[in-house]
Amino acid sequence: MLIVPAIVLSAFAGASAAFSLARRGRHGRHGRRRSGSVLQGRSHGRFWAFRLAPGEELKSALLRYVQERGIRSAAIVTCVGSLTSAKLRMASADASTPNSDHTKQLSERFEIVSLVGTAGVGGGDMATCHLHISLSDKDGRLVGGHVVGECVVFTTAEIVLVELEQLAFCRERDEATGYPELFVRSL
């Protein structure tokens, strides 16, 4: 993997990033505690910037970057670049249809319009992430969804992460959704 040297950025002297996640719905607006995990947290942030080269797979390279640096919790600040392919899960997927194919394999040149999500090694030995991407084709039409993988970089992918230093992101199976969902631990 070719990565332009990592740079730790400080947007302003003494700058910090506040990150708050609140689970809504059956547990109320303010989240809940669950066996040492909280569903919201506040933390100072440290920024990391790096670039992926042509031919690299975006999700696996991002996970490797987080893993190698031991980043326990991070949010995607921005990503610009282009892809030649992507495999995305569409919004129709849910726990009631686990064996259905809700994915689309896309194979053409795309501009990355947006990449959002969370990543970290806060719940174990391996980095995990939850990413959503929006892509535009040659005619400017948009497609987006949950990043499954196979997002191959065409020219570049320039990524900025914010590491949330006082938090750890864990993924645990949520009975309500059937998916491993984010739980936030304060350190």
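### Describing unusual backbone geometry
Part 1 of the reasoning: The backbone phi angle of E150 is positive, close to 55°, even though this residue is not glycine.
Part 2 of the reasoning: As for its placement among the helices and strands, E150 is situated in strand β9 (residues 142-164).

### Some words on the side chain of S43
Part 1 of the reasoning: The topology assignment puts S43 in the loop between β3 (37-38) and β4 (45-52).
Part 2 of the reasoning: Residue classification places S43 among the buried positions, given a relative accessible area of 5%.
Part 3 of the reasoning: Among the polar contacts made by the side chain of S43, one reaches the main-chain amide nitrogen of E165 at a distance of 2.9 Å.
Part 4 of the reasoning: A polar side-chain atom of S43 sits 2.8 Å from the main-chain amide nitrogen of Q166.

### Examining the pattern of salt bridges
Part 1 of the reasoning: One pass over the structure, following the stated rule, counts seven salt bridges.
Part 2 of the reasoning: When the shortest N-O distance is used, the salt bridge between R46 and E165 registers 3.7 Å. Linking R46 in strand β4 with E165 in the loop between β9 and β10 (167-173), this pair joins segments that are 119 residues apart in sequence.
Part 3 of the reasoning: Overall, E165 belongs to the partly exposed group, its relative accessible area being 30%.
Part 4 of the reasoning: Note that D137 is salt-bridged to R141, the shortest N-O span being 3.1 Å.
Part 5 of the reasoning: Since its relative accessible area comes to 13%, D137 is described here as buried.
Part 6 of the reasoning: The network of salt bridges with common partners includes D137, K138, D139 and R141.

Definitions and cut-offs
Residues numbered from 1 in each chain as written. Predicted model: local features only at pLDDT ≥ 70, side-chain atom pairs only at ≥ 80, totals over all residues. Heavy atoms only, no water. Helix = DSSP H or I, 4+ residues; strand = E, 2+ residues; numbered from the N terminus. Buried < 20%, exposed > 50% of the residue type's maximum accessible area, 1.4 Å probe, protein only. Polar contact = N/O pair within 3.5 Å; in protein donor to acceptor, adjacent residues only side chain to side chain. Salt bridge = Lys/Arg side-chain N within 4 Å of Asp/Glu carboxyl O.

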